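# Structural description and commentary
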Amino acid sequence: MSNKEMEMWLSSDKMNVSTEEEVFKIILAWIDHDRNKRQKYFAELFRHVRLVFASRDFLSRDILKNDLV
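Parameters at a glance
Residues numbered from 1 in each chain as written. Predicted model: local features only at pLDDT ≥ 70, side-chain atom pairs only at ≥ 80, totals over all residues. Heavy atoms only, no water. Phe/Tyr/Trp six-rings, centres within 6.5 Å; stacked < 30°, edge-to-face > 60°. Helix = DSSP H or I, 4+ residues; strand = E, 2+ residues; numbered from the N terminus. Buried < 20%, exposed > 50% of the residue type's maximum accessible area, 1.4 Å probe, protein only. Core = buried A, V, L, I, M, F, W, Y, C linked by side-chain atoms within 4.5 Å. Contact = heavy atoms within 4.5 Å. Axes fitted to C-alpha atoms, helices over the stretch in contact; angles between N-to-C directions. Parallel < 35°, antiparallel > 145°, perpendicular 65-115°, else oblique. Left-handed = near helix turned anticlockwise from the far one by under 90°. Nonpolar A, V, L, I, M, F, W, Y, C, P; charged D, E, K, R; others polar.

### Looking at the packing of aromatic side chains
What the rule picks out here adds up to five aromatic pairs. Pairing Phe24 with Phe42 gives two aromatic rings, centres 6.4 Å apart and planes at 80°, and the pair type is edge-to-face. Of this pair, Phe24 sits in helix H2 (residues 20-33) while Phe42 sits in helix H4 (residues 42-46); the two residues are 18 residues apart in sequence, bridging distant segments of the chain. You can call Phe42 buried: its relative accessible area is 5%.

So, in structure tokens, the structure goes:
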């Protein structure tokens, strides 16, 4: 999946996830598949994570400590 396809999928109503934590983990999994080429797309994909709906624990434990953030 290309970065544009990933961004379209993340912004579509067809994506069915129960938490924003899942969205963040999906983005990381996509990037980790080919980190050298894909990490440059993190910022444009990360904007699709609605941080206001993420738990404070997840924000402090996972998001803030992630090297891409």
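### Focus: the nonpolar core
Counting 16 residues, the largest nonpolar core has Leu10, Phe24, Ile27 and Phe42 as the members making the most contacts within it. Mapped onto this core, the elements with two or more residues apiece are helix H1 (3-10), H2, H4 and helix H5 (56-63). For this core, the leading source of residues is H2, giving six residues. The contact partners of Phe42, leaving out residues within four places of it in the chain, are Phe24, Ile27, Leu28, Ile31, Leu68 and Val69.

### As for the packing of H2 against H5
One can describe the packing of H2 onto H5 by two numbers: an axis separation of 11 Å at closest approach and a directional angle of 20°. Relative to H5, the element H2 lies roughly parallel. Where H2 crosses over H5, the two elements pack in a sense that is right-handed. Residues Glu21, Phe24 and Lys25 of H2 pack against Phe58, Asp62 and Ile63 of H5. Partitioned by chemical class, the residues of the contact of H2 with H5 number three nonpolar, no polar and three charged.

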